[in-house]
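# Coordinates in review
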Amino acid sequence: MDRLGQNGSLMDILATGRDVRAAVAGAGLLIEGRDFHGADLRGQDFAGTRFHNCELRGARLDWANLAGACLNHARLLNASMTHAHLRGALLKGANLRAARLAHANLVDADMTGANLWQADLSGANLCGATCLWGDISKARFAGALYDEATRLPPGFRPEAEGMIRFDMPRA
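The next subject is the overall build of the protein. Counting its secondary structure elements, the protein contains 2 helices and 5 strands. Along the protein, from the amino end to the carboxyl end, the secondary structure elements read β-α-α-β-β-β-β. Expressed as a percentage of the 171 residues in the protein, the buried residues total 47%. A sequence separation of at least 24 residues applies to 10% of the contacts in the protein between residues at least 6 apart. For the protein, the accessible surface area stands at approximately 8100 Å², while carbon and sulfur atoms represent 48% of it.

Here it is, written out as structure tokens:
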């Protein structure tokens, strides 16, 4: 597995404005102990990347490819991930307070224990996702899709939250 630790070049690439994709291409990359607070990472390809002990508060990850990424216990407060591709991503215990995940693809993602206080998941695709969230106070789910495979917390009423059931054959 590739590793970008304290002496890695990802921050150098961000600082010089060069393309981040070159530094993170390839599944299984580990990015460790990096500060992405407020970083503009829109549209970047982080598929399969493991973020360990990284600061992602306020990061802009709109349209980013985070398919299969591991963001367990990540600090994503106020992060913007609208239209992000998070299919199969791991977000267990992630702090997504006030994060914007509108229209994000969260198909088959695992969000067990994630803090979604004031998060915006309107229009997100949650089909097949494990949505056994922690705090969802003031979270918005209007127009979010779910299906028979979506695991929702006991007592959670998706229709009352404005979610839409969308069942289609899964391959």
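With that settled, consider the packing of aromatic side chains. A complete count under the given rule lists 5 aromatic pairs for this structure. A network of ring pairs unites the aromatic residues F36, F46 and F51 as a single cluster.

Turning our attention to the confidence of the model for the protein. Put simply, the protein has an average pLDDT of 88, and 83% of its residues get 70 or more. Confidence over residues 1–26 falls short of pLDDT 50; this stretch has 50 contacts with residues more than four positions distant or in other chains.

Looking now at the pattern of salt bridges. All told, the structure shown has 7 salt bridges when counted by the stated rule. In this structure, D40 and R42 form a salt bridge, with 2.5 Å as the shortest nitrogen-oxygen distance. Judged by its relative accessible area of 41%, D40 is partly exposed. Residue classification places R42 among the partly exposed residues on the basis of a relative accessible area of 40%.

Right, let's get into the environment of C54. Structurally, the position occupied by C54 is in the loop between β3 (50–52) and β4 (145–146). Note: C-alpha distance between C54 and E32 (22 residues apart in sequence) is 6.1 Å. Each residue touching C54, except ones within four places of it in the same chain, is listed here: I31, E32, G33, R34, F36 and R75.

Among the nonpolar cores identified, the biggest contains 46 residues, and L96, L106, M111, L121 and L126 are the most heavily contacted of them. Excluding anything up to four places from it in sequence, M111 contacts L91, L96, L106, L116, L121, L126, T130, L132 and W133.

Relative to the helices and strands, S80 resides in the loop between β3 and β4. Here D62 takes part through its side chain, which lies 2.5 Å from a polar atom of the side chain of S80. Leaving out residues up to four positions away in the same chain, S80 has contacts with A59, R60, L61, D62 and R100.

Criteria and cut-off values
- Residues numbered from 1 in each chain as written.
- Predicted model: local features only at pLDDT ≥ 70, side-chain atom pairs only at ≥ 80, totals over all residues.
- Heavy atoms only, no water.
- Helix = DSSP H or I, 4+ residues; strand = E, 2+ residues; numbered from the N terminus.
- Buried < 20%, exposed > 50% of the residue type's maximum accessible area, 1.4 Å probe, protein only.
- Contact = heavy atoms within 4.5 Å.
- Areas by Shrake-Rupley, 256 points an atom, 1.4 Å probe, with all protein chains shown as cover.
- Phe/Tyr/Trp six-rings, centres within 6.5 Å; stacked < 30°, edge-to-face > 60°.
- pLDDT = per-residue confidence, 0-100.
- Salt bridge = Lys/Arg side-chain N within 4 Å of Asp/Glu carboxyl O.
- Core = buried A, V, L, I, M, F, W, Y, C linked by side-chain atoms within 4.5 Å.
- Polar contact = N/O pair within 3.5 Å; in protein donor to acceptor, adjacent residues only side chain to side chain.

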